[in-house]
Structure formats: C-alpha cells, structure tokens
Amino acid sequence: MKKVFVLAGSDTSGGAGIQADLKTYQENGVYGMTALTTIVAQNPQNEWAHDVYPIDLETVKAQTSTILDGVGVDIMKTGMLPSTDIIQFAADTIDRYNLDAVIDPVLACKGQDEPVYPENAKALRDILVPKALITTPNLFEAGQLADMNNITTIDEMKEAAERIYELGAKHVVVKGGSEVEGDRAVDVYYAGDEFTLLEHDAIDTPYNHGAGCTFASAITSAVVNGHTPEQAVYFAKQFITNAIEASWKLNQYVGPVNQYANRNAHIDL
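Residues numbered from 1 in each chain as written. Predicted model: local features only at pLDDT ≥ 70, side-chain atom pairs only at ≥ 80, totals over all residues. Heavy atoms only, no water.

1. Points about the overall build of the protein chain
Reasoning step 1: Of regular secondary structure, the protein chain possesses eight helices and nine strands.
Reasoning step 2: At 17 Å, the protein chain has a C-alpha radius of gyration in line with the 18 Å of a compact globule built from 269 residues.
Reasoning step 3: For the protein chain, the spread of C-alpha atoms along the three principal axes comes to 45 × 45 × 40 Å.
Reasoning step 4: A fraction of 66% describes how many contacts in the protein chain between residues 6 or more apart in sequence connect residues 24 or more apart.
Reasoning step 5: When the accessible surface of the protein chain is split by element, carbon and sulfur atoms take 44% of a total near 11900 Å².
Reasoning step 6: Taking the 18 positively charged and 37 negatively charged side chains of the protein chain as two groups, their mean positions are separated by 5 Å. (Helix = DSSP H or I, 4+ residues; strand = E, 2+ residues; numbered from the N terminus. Rg over C-alpha atoms; globule rule 2.2 N^0.38 Å. Contact = heavy atoms within 4.5 Å. Areas by Shrake-Rupley, 256 points an atom, 1.4 Å probe, with all protein chains shown as cover. Lys, Arg positive; Asp, Glu negative; His and termini not counted. Charge placed at Lys NZ, Arg CZ, Asp CG, Glu CD.)

2. Some thoughts on the environment of Ala222
Reasoning step 1: Structurally, the position occupied by Ala222 is in helix H7 (residues 211-224).
Reasoning step 2: Of the residues examined, Ala222 reaches a relative accessible area of 3% and is grouped as buried.
Reasoning step 3: For the pair Ala222 and Val233, spaced 11 residues apart in sequence, the C-alpha to C-alpha distance is 8.3 Å. (Buried < 20%, exposed > 50% of the residue type's maximum accessible area, 1.4 Å probe, protein only.)

3. Observations concerning the nonpolar core
Reasoning step 1: Ranked by size, the top nonpolar core spans 44 residues in total, and within it Phe5, Leu7, Met76 and Leu128 carry the most contacts.
Reasoning step 2: Take this core: its biggest share by element is six residues, from helix H3 (residues 84-97).
Reasoning step 3: Non-local contacts of Leu7, meaning those with residues more than four positions away in its chain, are made with Ala35, Thr37, Val60, Thr64, Met76, Lys77, Thr78, Gly79, Leu81 and Ala90. (Core = buried A, V, L, I, M, F, W, Y, C linked by side-chain atoms within 4.5 Å.)

4. Here we look at the environment of Tyr31
Reasoning step 1: The residue Tyr31 is located in strand E2 (residues 31-43) in this model.
Reasoning step 2: A relative accessible area of 45% places Tyr31 in the partly exposed class.
Reasoning step 3: Taking C-alpha positions, Tyr31 is 6.6 Å from Met1, a pair spaced 30 residues apart along the chain.

5. Some details on the sheet that holds strand E1 (residues 3-11)
Reasoning step 1: If you trace the nine strands from one edge of the open sheet to the other, you get E3-E2-E1-E4-E5-E6-E7-E8-E9, paired in mixed fashion. With one partner strand each, in any of the chains shown, strand E3 (49-54) and strand E9 (195-201) form the two edges of the open sheet.
Reasoning step 2: Examined bridge by bridge, E2 and E3 share six bridges and lie antiparallel to one another. Following the sheet pairing, Thr38 is matched in E3 by Pro54.
Reasoning step 3: This element, H3, spans E1, E2, strand E4 (75-78) and strand E5 (101-103) of the sheet and lies at about 165° to E4.
Reasoning step 4: Where helix H8 (residues 229-245) meets the sheet, its contacts fall on strand E6 (134-135), strand E7 (171-177), strand E8 (184-190) and E9, and the angle it forms with E9 comes to roughly 15°. (Pairing = 2+ DSSP bridges. Axes fitted to C-alpha atoms, helices over the stretch in contact; angles between N-to-C directions.)

Below, the structure is given as structure tokens:
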C-alpha cells in the first residue's frame, strides 16, 4: 500500500484538515500518516468561530521523524502551516527526503477572507510553492500567491495560475468552484502549456466543509497510485463533486463533504 505524509492542521469538528485527508486516503486505498501543525477548535459559544492553536516546531519535527525516519513514504501533502519556520521546515523536508509534494496553500479557515497568519502568504509564495509538484489554491489563496485581488473571472484565474506556475510549481490548479461568475463550478489547471477548464454544474448546497482538503488529498491519492498529475486533477474533480453532492448537515453552522460517496462511484480517467 502506498504511504502519504501529511503535514497539516487538525479540524476538531472532523470535516476538514487531516481528518478529511485521512478519509480521502482510506477511500482510495492509500495509507496516511500525519504530523499536526495546528489544532483548530470551533467555538459553539461564539457562532462556531475558529480558534487556532499552533503546535511548536520541535513537536512538528518529532512527528515528522516518526513518519519519515521510522517508516518512509511515497509522497507528501501539506495543509495549514502556522508559521514561517514550519513553512521553511516543510520546504527543507521536501529537499532532504527528495519528496514529490502536493501543496494546499491554506491561508484561512472556511468562510474567512483574511489569512490566519498574514506573514505566511509571502513565505508560501517564496519558499514552499516553488517546490510543489502540484499546488491547489482557492481564489483567495491564488490572489495572495499571485499578488492579485478579488479574482472573480476565469481570465483572472488563468492569469493567477500562470503567475503561480512562474514561481516554480510544476502544476497549478486554481479552484474557483461556484464562486466564479456564471452558473458552473470551474477550476483552472495549468502546467506551462495551455489552460484546461474543469467544469461541472454548480451544486446548490451550503455544506462543503473540507472540500479543499479533500480535493488536494484526492489528487495526492491518484498521483501516488500511479496516475499523471493531469489525470490526478481530473480524478479529484470528479471525487470532490461526488463528495459535495452527498454532503450533509453536521449542525446549524456547518456540514462536511462526504468522501464515502465515492465508494460505489466509477471515476473515469
């Protein structure tokens, strides 16, 4: 069984972060191991506000050694990284262990449009994204990485993808989803040649918690299972579409995507 090293945050409510990653790997026959970088707790006394508790670098290093020195992996995936030191550590780890890496450049919790750690946008842009085999920013993250604001159109998504590619990432997926203009959920894939649009009818649901993490982990699963990055992106688009279509209400604030919806689905590559 292929093994993935996930360097990311923990979502206490179970819908996103490493919890979403591990569910996705399980559905795709991949074994995931996690080094936690931060813990996010949702506050029911404050309308589900996200309280973020970073984990210190030495603890992150100890977890990483367990995984990489004690076991070994086939690929790496990152999520929320709470400090420039941990971003640098992630980049150094990719180099030291010669790992392919899927970089999900998480800068804000779901429903927020300000970085949890503003200084991290520059560190991701300068240090980590250039080492990505594939990076998967959403519109807000793409704007931060590409030094653009208020991305709302497909042309702007293409420009952002090209700028991020020029940073050094080999494959870029800018996730527009249903937030771009029009009635289609659109993502833009770019690998230095031509732009590819991944489209699907927008799904009318407020329950999409964990969609970004699940999408990046589905890409990681497909790559480590032997598919090309482009094939992996197509696979992940279908995987997350199925998961969103089967999403459900967790409480009055949020509902997670449903990775298990893919158990009986046939995804063509």
